[in-house]
Amino acid sequence: MMNIPMPVLPYAPNALEPVISEQTISFHYGKHLQGYVNTINKLVEGTEFAGKSLEELVRTVPEGPMYNNAGQALNHKLYFLQFRSPRKDNAPMGRIAATIDANFGSFEAFKEQFAQAAISLFGSGWAWLSQDGSGKLVITKEPNGGNPSRSGLNPLMGIDVWEHAYYLDYQNRRADHVEAVWELIDWEVVESRMK
Ligand code: MN
């Protein structure tokens, strides 16, 4: 039984071009994410974790294949649902903008610090913007399939820096990819994840 569903993309597979190509979506969403979702469903079957939500699995399953696959299923759900078609002058507004300014000084300063985290992460993993228990915004790096909720944070936005996220479109140019992804962020979605 497939308890953990695939997230449904709220845009066409070519809607993120030219920042992320339809071909990358077909592999990244259609193959990689589908693989993580299939695997976590299979791994929890017949265990005490069957029937739990994805968010609960990420917080409670043991390290190893269960955490890796639950983490990646949640990471990619948050990732694919935070995008919309590219806009050159894309920037947050309202509460999320004010909170970013309060925590990082400015949107520009935040972007710089976030990009530095994404670019400096060695190997495969993620850079995240999260809220801690007091509502403060923090930038963290997670290796492999890690998700910030595992350590009690509330993830708001994540950038995938596994090579499968950008290699078809940018080859080894991770920094160029990270720079372009700012055009895609749907800041209303990010704000809706705030507590
Ligand atoms: Mn990925």
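Everything quoted here is computed from the prediction, not taken from an experiment. (Residues numbered from 1 in each chain as written. Predicted model: local features only at pLDDT ≥ 70, side-chain atom pairs only at ≥ 80, totals over all residues. Heavy atoms only, no water.)

Colleague: Looking at this model, I keep getting lost on unusual backbone geometry. Mind explaining?
Modeller: Trans is the common state for peptide bonds, and a negative phi is the common state for residues other than glycine. A cis amide bond links Glu17 with the next residue in sequence, Pro18, at an omega value of 5°. By the secondary structure assignment, Pro18 is in the segment before helix H1 (22-44). Residues other than glycine seldom take positive phi values, yet Asn144 does so here, at roughly 55°. Structurally, Asn144 is set in the loop between strand E2 (137-143) and strand E3 (154-160). Phi angles above zero are rare outside glycine, and Gln171 is one such case at about 50°. One can find Gln171 in the loop between helix H6 (167-170) and helix H7 (174-181). Judged by relative accessible area, which is 35%, Gln171 ranks as partly exposed. (Helix = DSSP H or I, 4+ residues; strand = E, 2+ residues; numbered from the N terminus. Buried < 20%, exposed > 50% of the residue type's maximum accessible area, 1.4 Å probe, protein only.)

Colleague: What am I meant to see in the nonpolar core here?
Modeller: Here is a general trend for soluble globular proteins: nonpolar side chains tend to be buried in one another's company. Core analysis: the largest hydrophobic core is formed by 60 residues, its most contacted members being Phe83, Phe110, Phe114, Leu129, Met157, Ile185 and Trp187. Of all the elements, helix H3 (residues 65-80) adds the most residues to this core, at eight residues. Among the domains, domain 1 (22-80) and domain 2 (94-192) are the pair contributing at least three residues each to this core. Setting aside anything within four residues of it in sequence, one finds Phe110 in contact with Ile100, Phe104, Leu129, Ile139, Met157, Trp182 and Trp187. (Core = buried A, V, L, I, M, F, W, Y, C linked by side-chain atoms within 4.5 Å. Domains from an automatic or database assignment. Contact = heavy atoms within 4.5 Å.)

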